[in-house]
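Summary of structural features
Given next are the chains, with one letter for each unit.
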Amino acid sequence: MLRLMWEFFKVGLFAVGGGMATIPFLYDLGERYGYFSSNELLDMLAVSESTPGAIGINMSTFAGIRAYGFWGGLLATLSLITGPIIIILLIAKMMDKFKSSKLVKDAFVTLRPATAGLILGAMAEVLVLSLFDLEAFRLTGNIVDLFRLIPLGFFALFLFILFKFKKVNPIFIIISGGLVGVIFSL
């Protein structure tokens, strides 16, 4: 249980930029320790994006409960939020003293592209896991096995709708995506 707590502490500590920035860390955590599979991570991302709550919180709770029951879920969740709380308290305490500092301003300017890179990497990873079946391709070597045709078709349809109808209500997109996922068990 200490390993679970330590790993989620690190995820919370180094995932600057919010929930989407935690995805590379969560993917690595699932791969290394088997707390959840890539498909379970994708399912949890879908649930997290369509319900209240942060991705990291939902994943830490899920992994903790799966590995150690109720107390595992609670401790994993607390471990995830402990690092950011400490950092926020330290920054708040020092911000008044250093808010006009060029070094602090430069640090924030540097963090923006790093955060964007983490989010872009997470998006690319989710797209690859959702639209391509790398495992089937590795086994067969057949290029047709590389693509998950149904999700790829729905993704193309989704992009078409977004480009054709610029003002689609996000609630409609979330509900439609949820229904497609349930109907086709994507």
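A brief report on the enclosed structure follows. Residue indices follow the written sequence of each chain, beginning from 1 at its first position. Predicted model: local features are reported for residues with pLDDT of at least 70 only, side-chain atom pairs are reported and counted for 80 or more only, and whole-chain, interface and lining totals are derived from all residues. With hydrogens and water excluded, all non-hydrogen atoms of the structure serve as input to the side-chain values.

**Digging into the overall build of the protein chain**
Rule in force here: In this text, helices come from DSSP runs of H or I with a minimum length of four residues, and strands from runs of E with a minimum of two, each type numbered from the N-terminal end. Accessible area is worked out with a 1.4 Å probe on protein chains only. A residue is then buried under 20% of its type maximum, exposed over 50%, and partly exposed in between. In what follows, a contact means two residues having at least one pair of non-hydrogen atoms within 4.5 Å. Every accessible area reported is derived by Shrake-Rupley at a probe size of 1.4 Å, with residue values counting cover from the shown protein chains alone.
On a plain count of helices and strands, the protein chain comes out with eight helices and zero strands. Ordered by position from the N terminus, the helices and strands of the protein chain form the series α-α-α-α-α-α-α-α. Dimensions along the principal axes, computed over C-alpha positions, put the protein chain at roughly 55 × 45 × 35 Å. Across the 186 residues in the protein chain, those meeting the buried criterion constitute 23%. For the protein chain, long-range pairs separated by at least 24 residues make up 52% of all intrachain contacts whose partners lie at least 6 apart in sequence. Here the protein chain displays about 12200 Å² of accessible surface, and carbon together with sulfur accounts for 73% of that area.

**A look at the packing of helix 2 (residues 23-33) against helix 5 (residues 102-131)**
As a reminder of what qualifies: Lines fitted to C-alpha atoms define the axes, with helix axes restricted to the stretch in contact, and inter-axis angles between N-to-C directions lie between 0 and 180 degrees. For this classification, under 35 degrees means roughly parallel, over 145 means roughly antiparallel, 65 to 115 means roughly perpendicular, and everything else is oblique. The residue classification treats Ala, Val, Leu, Ile, Met, Phe, Trp, Tyr, Cys and Pro as nonpolar and Asp, Glu, Lys and Arg as charged. All others, Gly included, are polar.
Packing of helix 2 against helix 5 brings their axes to within 8 Å, and their N-to-C directions diverge by 50°. In this view, helix 2 runs oblique relative to helix 5, as classed from their interaxial angle. Together, Ile-23, Pro-24 and Tyr-27 of helix 2 and Leu-118, Ala-122, Glu-125, Val-126 and Leu-129 of helix 5 make up the contact between the two elements. When grouped by side-chain class, the residues that make up the contact of helix 2 with helix 5 number seven nonpolar, no polar and one charged.

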